[in-house]
Amino acid sequence: RTRPRRGQRWWERLAGEQRRRETKRDGIIVRVTLVSVQKPQRHFRRGPPNLQIRAPEGDPQERRQDQAQKRAEVVGEAGWGAEAQRDGLRWRGAGTKPEQGPRHPLKNAEFSSWPFQQQALRIRAHRGGWPLARVPVTGLGGAVHLCPSGTPPADGSGQTCWALRLRRENVDVNLFESTIRILGGLLSAFHLSGDVLFLKKAEDFGNRLMPAFRTPSKIPYSIVNIGTGAAHPPQWTSDSTVSEVTSIQLEFRELSRLTGDKTFQEAAEEVTRRVHGLHGKLDGLVPMFIDTNSGSFTQLGEFTLGAGADSYYEYLLKQWIQGGKKERQLLEDYLEAVDGVRKHLLARSEPRKLTFVGELNHGRFSAKMDHLVCFLPGTLALGAHHGLPAEHMELAQALMDTCYQMYRQMETGLSPEIAHFNLQRTKAVKDVQVKAADRHNLLRPETVESLFYLHRLTGDRKYQDWGWEILRSFNTYTRVPSGGYSSISNVQDPRHPQPRDKMESFFLGETLKYLYLLFSDDPDLLSLDTYVFNTEAHPLPIWAPS
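This structure is a prediction, so every number in the text was calculated from the model and none was measured.

Analysis parameters
- Residues numbered from 1 in each chain as written.
- Predicted model: local features only at pLDDT ≥ 70, side-chain atom pairs only at ≥ 80, totals over all residues.
- Heavy atoms only, no water.
- Disulfide = S-S within 2.5 Å.
- Helix = DSSP H or I, 4+ residues; strand = E, 2+ residues; numbered from the N terminus.
- Buried < 20%, exposed > 50% of the residue type's maximum accessible area, 1.4 Å probe, protein only.
- Pairing = 2+ DSSP bridges.
- Contact = heavy atoms within 4.5 Å.
- Axes fitted to C-alpha atoms, helices over the stretch in contact; angles between N-to-C directions.
- Phe/Tyr/Trp six-rings, centres within 6.5 Å; stacked < 30°, edge-to-face > 60°.

Chemist: Would you mind going over the state of the cysteines in detail, with residue names and values included?
Modeler: Tallied over the full model, the rule gives one disulfide. Linked covalently through their sulfurs, cysteine 374 and cysteine 403 form a disulfide whose S-S length is 2.1 Å. What sets the handedness of the cysteine 374 and cysteine 403 disulfide is the S-S torsion sign, and at about -105° it is left-handed. Placement of cysteine 374 in the loop between strand 17 (368-370) and helix 12 (376-385) and of cysteine 403 in helix 13 (residues 390-408) is noted, with a sequence separation of 29 residues between them. The pair cysteine 374 / cysteine 403 is uniform in exposure class, with both members buried.

This is the structure we're talking about:
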């Protein structure tokens, strides 16, 4: 069995099932895979996670030292900590120490020191170069992705080294992507595991991101070097997208709550305050770009809920929920924006009368809708669950049907990256139209994310059925025989979908996670009354009253 047991942590499963050593002899790479066949001898924590809903009391530094000492005592009792260090394995992280000399396969005698009672060996041989099962990671802090076919990374960016072994720390990363993926992931791992190491790493990484906020306007730069602290906008512009600078607040607020250091929260909330007071909005809708020098919106008159603005609206609602529904300004901005969507961006297609969210460009309406906009049904449903008007749920259900049709009306059963909706009254064409440049599918999570929310909050099993159809289409047209999944270039050609040999990390981190939650009938599994998910699907706790 490869599925982790309930209460088992991912690195323990990784140690038991996927820790490998390879040696090359006579042109053959021999892979040794350790597979757990019995429950681990001891966990630090069993059963459901002990949720850290309240901020820990006492001095943060003393608390971290006490918890580290307790963890060290438990490791010593388990009898494997020293051996793990000897073998160059860091059991609380994903990396390994740089190895000296040639690599050798594990010996049977070494297995007794691992934290499992019994293990089984699988030995597979691969001739030639890169084995197909090896999956390199490239592009940390940007478009993080995997190569399912096992081809070695070709971008030469040096970021791979940072991701795999931390050999190089002077790396430029994107503030937004690094916050939602890495910082959010570390905070979530802390809450789900109770291991203070994740909080320590989150605090360190948060401090490395803070130089991005040192701008004349307090609107952060998009790029920051996590080694030198140098921050700057992209080379081609002084602008950041509005979604970038307004979708980091959940993570920085939570980091401050846990560490007691208000610096993180103050920097992120200052951005929220400044964006709230800016001119250039349209009934709560915001432009896509903001200048980091002046702090003003740029490219006025362009409004979308797709790329550049999407998660601004999501984080207005989720911050309000995260903070215990006390921050009135966040709620008012969110409600105004929903009304703005209804007034300016909603339309219905022909012939099926599908409700969709278009775009507005200097007063001209465009029937264009990014797949990214399919986050909105889930967000609206979440708001309705937390007491917002029932009409939000009605709109959520209508938009959910539209997002499903973006899949259903394609020959592969997979949605294009961008859809254009037919507004002409004729039955000869489909509602969903696709341009040649937009017919790729990147394994995005937004539709299955919203399906999860709609099913969890309504109990209607049709949303599970729709998710099952989508999963079957992923398996049919994007799955790679040797392992993994790949983006495809043409959702309209089932015979030749043109795989791209690229699997975005959000497919693992979000798409599959939301599918798993969608197919679960347990409402207490990451309950929406206990957690709020960040925009990269990392659950963070809703703050309890102090």
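Chemist: Run through the sheet that holds strand 19 (residues 432-433), naming residues and quoting values.
Modeler: With antiparallel pairing, the three strands of this open sheet are ordered in space as 17-18-19. Two strands lie at the open edges of the sheet, namely strand 17 and strand 19, each paired on one side alone. Inspection of the sheet shows strand 18 (residues 418-421) paired to strand 19 by two bridges, in the antiparallel sense. In the strand pairing of strand 19, histidine 420 is matched with glutamine 433. Most of the contacts of helix 13 go to strand 18, to which it runs at about 105°, and overall it touches strand 17, strand 18 and strand 19.

Chemist: Give me the lowdown on the packing of aromatic side chains, citing residues and values where you can.
Modeler: For the coordinates displayed, the defined rule picks out 14 aromatic pairs. Ring plane angle 35° and centroid distance 6.3 Å describe the contact between phenylalanine 252 and phenylalanine 264, whose orientation is recorded as tilted. Of this pair, phenylalanine 252 sits in helix 8 (residues 249-259) while phenylalanine 264 sits in helix 9 (residues 263-276), and the two are twelve residues apart along the sequence. Across this residue pair, the class does not change: phenylalanine 252 and phenylalanine 264 are buried. Consider the rings of tyrosine 514 and phenylalanine 533, whose centres lie 5.8 Å apart with planes at 55°: the pair is tilted. In this pair, tyrosine 514 sits in helix 16 (residues 505-519) while phenylalanine 533 sits in strand 21 (residues 531-533), placing the two residues 19 residues apart along the sequence. For the pair formed by tyrosine 514 and phenylalanine 533, the shared burial category is buried. Connected via pairs of aromatic rings, a cluster forms that spans Phe452, Tyr453, Tyr514 and Phe533.

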